[in-house]
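# Fold and contact review
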Amino acid sequence: MAQREHHYRVNIEWVGNKGQGTESYKAYSRDFTISALNKAEISGSSDPAFLGDKSRWNPEDLLLASVSACHKLWYLHLCAEAGISVCAYLDRAEGSMIDGDRGHFTRITLRPEIVIREGDDIQLATDLHHQAHEQCFIANSLNFPIECQPVISTSSEG
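Criteria and thresholds
- Residues numbered from 1 in each chain as written.
- Predicted model: local features only at pLDDT ≥ 70, side-chain atom pairs only at ≥ 80, totals over all residues.
- Heavy atoms only, no water.
- Phe/Tyr/Trp six-rings, centres within 6.5 Å; stacked < 30°, edge-to-face > 60°.
- Helix = DSSP H or I, 4+ residues; strand = E, 2+ residues; numbered from the N terminus.
- 1 Å grid on protein atoms, 1.4 Å probe; cavity = no way out; pocket = protein on both sides within 12 Å on 5 of 7 lines; lining within 4 Å.
- Points joined across faces, edges and corners; volume = space filled by probe spheres on them.
- Buried < 20%, exposed > 50% of the residue type's maximum accessible area, 1.4 Å probe, protein only.
- Contact = heavy atoms within 4.5 Å.
- Pairing = 2+ DSSP bridges.
- Axes fitted to C-alpha atoms, helices over the stretch in contact; angles between N-to-C directions.

Before going further, it helps to examine the packing of aromatic side chains. Counted according to the given criterion, the structure contains four aromatic pairs. On the numbers, 6.2 Å between centres and 80° between planes, the contact of W14 with Y28 is edge-to-face. Residue W14 is located in strand 1 (residues 11-14), and its partner Y28 is located in the loop between strand 1 and strand 2 (32-35); the two are separated by 14 residues in the primary sequence. Both rings, one in Y75 and one in Y89, keep their centres 5.9 Å apart while their planes meet at 50°; by these two values the pair is tilted. Of this pair, Y75 sits in helix 1 (residues 59-82) while Y89 is found in strand 4 (residues 86-91), placing the two residues 14 residues apart along the sequence.

A word on the layout of surface pockets. Computed from the structure, the largest pocket encloses a volume of approximately 770 Å³. As for the largest pocket, its lining consists of 21 residues, of which Y8, V10, K39, S66 and I138 are closest to the centre. Mapped onto the lining of the largest pocket, the elements with two or more residues apiece are strand 2 and helix 1. The biggest single contributor to the lining of the largest pocket is helix 1, with eight residues.

On to unusual backbone geometry, then. With the exception of glycine, most residues fall at negative phi, and the peptide bonds are largely trans. Located in the positive-phi region is N38, a residue other than glycine, with phi close to 65°. Here N38 falls in the exposed class, since its relative accessible area comes to 77%.

Following the sequence through the fold, H71 ends up in helix 1. Given a relative accessible area of 2%, H71 falls into the buried group. Discounting chain neighbours no more than four positions away, the residues touching H71 are Y89, L110, H129, A132, H133, C136 and C148.

Moving on, we come to the sheet that holds strand 3 (residues 42-44). What links the strands of a sheet is backbone hydrogen bonding, and the strands pair in either a parallel or an antiparallel sense. Taken in spatial order, the three strands line up as 1-2-3 in an open sheet, and their pairing is antiparallel. Only two strands of the sheet have a single partner each, and these edge strands are strand 1 and strand 3. Adjacent strand axes in the sheet meet at a mean angle of 25°, parallel and antiparallel pairs treated alike. As judged from the four bridges shared by strand 1 and strand 2, these two strands associate in the antiparallel manner. Paired with E13 across the bridge in strand 2 is T33.

Structure below.
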């Protein structure tokens, strides 16, 4: 397949100036908004461990969500091509990070709970997770382990 280049644009606007700017470490809020043309705005902040607002999405949450969502989208695509009908998909993903001078993620574990149509091949549905991981653009861009621990069941409802 020929390679194509894709471009993305987002706006990150800091909305945390409490009137003193960044005069001191505790003088400002970490709050920001993420926006893009024709998309809902996302309220962001830093992790509460770094003086952020726990009710807003932080960059670590967004990275974890990006990995999980990319994997899911590839998985659904591969299942559709393989004739497996996914009826439900819920991922309870978790990530681990260490902070310090060069903080970084150390691992992400995806834990998708999937329901496929009764009679579809559970082993193939399980095996397709490896291929989804191999195809995931986000996972291919990261430098730490991403593990997938799927649980697959069947349903007669389709």
